[in-house]
Structures are given as structure tokens and as C-alpha cells.
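# Structural overview
Chain by chain, the residues run as shown.
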Amino acid sequence: VTLAAFMAILDTTIVNVALPYIAGSLSVSNDQATYALTSYLVANGIVLTVSGWISDTIGRKRYFIVCIGMFTVCSFLCGIASSLGQLVIFRLMQGFFGGGLQPNQQSIILDTFEPAKRGAAFGVTAVATIVAPVLGPTLGGYITDQSTWRWIFFVYIPVGAFALVF
């Protein structure tokens, strides 16, 4: 469950360094390219506030699995976007599903571990939460430098598939 939350947290910062490349590739200004960042963060923030209710309504495990699967699908869609409008819409969707991953991950850990072992479990979670935003710009820069900005989204496909299976 921490791997799935790691993906969503990483996605908040991995796109930052690729914005000039996104702007150039989609023939938009750098300011317009920031909509790809903002759309994800806005959707993510909105869903964070209602994810508990959604989880209670459709079930925590079901909601978590849907979020992992759709986050992965939306990552693919972001990678194949051919215009800024498409990228912003797909990033909104990605943020919507990514926003459900972290709170559900914490709830699942709380339900899974007995009180004596929760500290260790949340310690692993804390490491992932701290490492992801720090790793994002470096990984995004490396991927963009070695390939194309589209791969900062495609990288989530095998990771998301792996998390979904487990």
C-alpha cells in the first residue's frame, strides 16, 4: 500500500522539471504548461477531503484498488496527450485518483497492524512520504534528459500494475 501512495506523492514533484519540455512539445508558453501541475494538485486536494466518505461508501479496499488502477490508466493517458487541454484533463483525473491513495493507505495500515506494530509500519510510510518529493525532481530531470517528458508518466505503468497485483 505504501508503493501506491509513493507514486501519488512522487507525481506532485516529478513533473516540475519537465514543464519547459512539455511547453515546447505542446507549443504552449511556460506559464500555460504549469496548468499541468496545478490541475493535479487541485484535484488531489479536493479528493483528500472527501476520500474518507468515498471509502466508507464503496469500501476501503475497493476504493484503493480503483484508485491504483485509474491512477495508472490516467498516467498512460497523460503520456500520450497531444495537447495541453488533454494533458490538463488527464492530470485532473490522475489527481482525483491519486488523492485517494495516501489517506486510504494510512487507514489500511491502521486496520492491518496491531497497536504495538503500528509505529514501525508508519515509520516505513514516513520514509516513503519524505523520499518521494525529494526524489521527484531528480528522477523527472533524469528521465526527461535521457528520453522524453512523456516517460515521466509512463514510468508509473509498471509500478502501478505491480501495486495493483499486490
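Now for a description of the structure that goes with this document. None of the values given here were measured: they were computed from a predicted structure.

## Side note on the overall build of the protein
Counting its secondary structure elements, the protein contains 10 helices and 0 strands. Shown N-terminal to C-terminal, the secondary structure of the protein runs as helices and strands in the order α-α-α-α-α-α-α-α-α-α. Relative to the compact-globule value of 15 Å for 166 residues, the protein shows a C-alpha radius of gyration of 16 Å, a close match. Dimensions of the protein, computed from the C-alpha atoms along their principal axes, are close to 55 × 30 × 25 Å. Relative to its 166 residues, the protein shows a buried fraction of 43%. Only carbon and sulfur atoms are counted for the fraction: they give 69% of the accessible area of the protein, which is about 8,200 Å². Placing the 7 positive and 6 negative side-chain charges of the protein at their respective mean positions leaves the two points 9 Å apart.

## Description of the packing of helix α5 (residues 60-80) against helix α10 (residues 156-165)
Running from N to C, α5 and α10 cross one another at 165°; their axes reach a closest spacing of 9 Å. On the basis of the axis angle, α5 is roughly antiparallel to α10. In this structure, α5 crosses over α10, and the sense of that crossing is left-handed. Within the contact between the two elements, α5 uses I65, I68, G69, F71, T72, S75 and F76 and α10 uses Y156, I157, G160, A161, A163 and L164. For the contact of α5 with α10, the residue count by class is 9 nonpolar, 4 polar and no charged.

## Quick look at the pattern of salt bridges
Counted under the stated rule, the structure contains 2 salt bridges. A salt bridge links D11 to R91; its shortest N-O distance comes to 2.7 Å. Remark: R91 occurs in helix α6 (residues 84-98) and D11 occurs in helix α1 (residues 2-14); sequence separation between them is 80 residues. For D11, a relative accessible area of 0% translates into the label buried. Residues R60 and D111 are paired through a salt bridge, measuring 2.1 Å at the closest nitrogen-oxygen approach. Of this pair, R60 sits in helix α5 while D111 sits in helix α7 (residues 101-112), and the two are 51 residues apart along the sequence. On the accessibility criterion, R60 (27% relative accessible area) is partly exposed.

## Section: α10
Among the residues of α10, those classed as buried are Y156, G160 and A163. Along α10, the residues classed as buried sweep out an arc of 65° about the axis, all on the same side. In α10, the exposed positions that point more than 90 degrees away from the buried face belong to P158 and V165. Taken together, the buried residues of α10 touch α1, α5, α6 and α9 (151-154).

## Examining the packing of aromatic side chains
All told, the structure shown has 6 aromatic pairs when counted by the stated rule. Ring centres of F76 and F154 lie 6.0 Å apart, and the angle between their planes is 35°; on these two criteria the pair is classed as tilted. Of this pair, F76 sits in helix α5 while F154 sits in helix α9, and the two are 78 residues apart along the sequence. The class of F76 is partly exposed, set by a relative accessible area of 39%. According to the relative accessible area criterion, F154 is buried, its value standing at 16%. Measuring from centroid to centroid gives 6.2 Å for W149 and F153, while their planes differ by 90°, and the two rings are edge-to-face. Its relative accessible area of 0% is what places F153 among the buried residues. These aromatic residues form a ring-pair network of at least three members: F76, W151 and F154.

## A few points about the environment of G45
Inspection of the secondary structure puts G45 in helix α4 (residues 35-58). When its relative accessible area of 33% is taken as the criterion, G45 is described as partly exposed. Sequence separation between G45 and G95 is 50 residues; the distance between their C-alpha atoms is 8.2 Å.

Procedures and definitions
Throughout, a residue's number is its position along its own chain's written sequence, starting from 1. Only residues with pLDDT of at least 70 get local features here, since the model is predicted, and only at 80 or more are side-chain atom pairs given and counted; chain-wide, interface and lining totals rely on the full set of residues. Excluded from the side-chain calculation are hydrogens and water; included are all heavy atoms of the structure. For the purposes of this entry, the term helix denotes a DSSP run of H or I that reaches at least four residues, the term strand denotes a run of E that reaches at least two, and both are numbered from the N terminus. Only C-alpha atoms enter the radius of gyration; for comparison, a globular chain is expected to reach 2.2 Å times N to the power 0.38, where N is the number of residues. Relative accessible area decides the class of each residue, using a 1.4 Å probe on protein chains only: under 20% of the type maximum gives buried, over 50% gives exposed, and in between gives partly exposed. Where accessible areas are quoted, they stem from the Shrake-Rupley method and a 1.4 Å probe; at the residue level, only the protein chains shown are allowed to cover. All tallies of charge rest on Lys and Arg as positive and Asp and Glu as negative; His and the ends of each chain are not included. Where a charge lies is defined by one atom per residue type, namely NZ (Lys), CZ (Arg), CG (Asp) and CD (Glu). Helix axes are fitted to C-alpha atoms over the stretch in contact, other axes to C-alpha atoms as well, and angles between N-to-C directions run from 0 to 180 degrees. Should an angle lie under 35 degrees it is considered roughly parallel, over 145 roughly antiparallel, and from 65 to 115 roughly perpendicular; all remaining angles are considered oblique. By convention the crossing between two helices is left-handed if the near helix lies anticlockwise of the far one by an angle smaller than a right angle, and right-handed if it lies clockwise. We call two residues in contact when some of their heavy atoms are within 4.5 Å. Charged means Asp, Glu, Lys or Arg here, nonpolar means Ala, Val, Leu, Ile, Met, Phe, Trp, Tyr, Cys or Pro, and polar covers whatever is left, Gly included. Counted as salt bridges are all cases of a side-chain nitrogen of Lys or Arg within 4 Å of a carboxyl oxygen of Asp or Glu. This arc is taken over the directions from the axis of the helix to the C-beta atoms. Pairs were defined over the aromatic rings of Phe, Tyr and Trp, the Trp ring being its six-membered one, requiring ring centres within 6.5 Å. Orientation was assigned from the angle between planes: stacked under 30 degrees, edge-to-face over 60, tilted for the rest.

Function-wise, these values are silent; they only describe arrangement.
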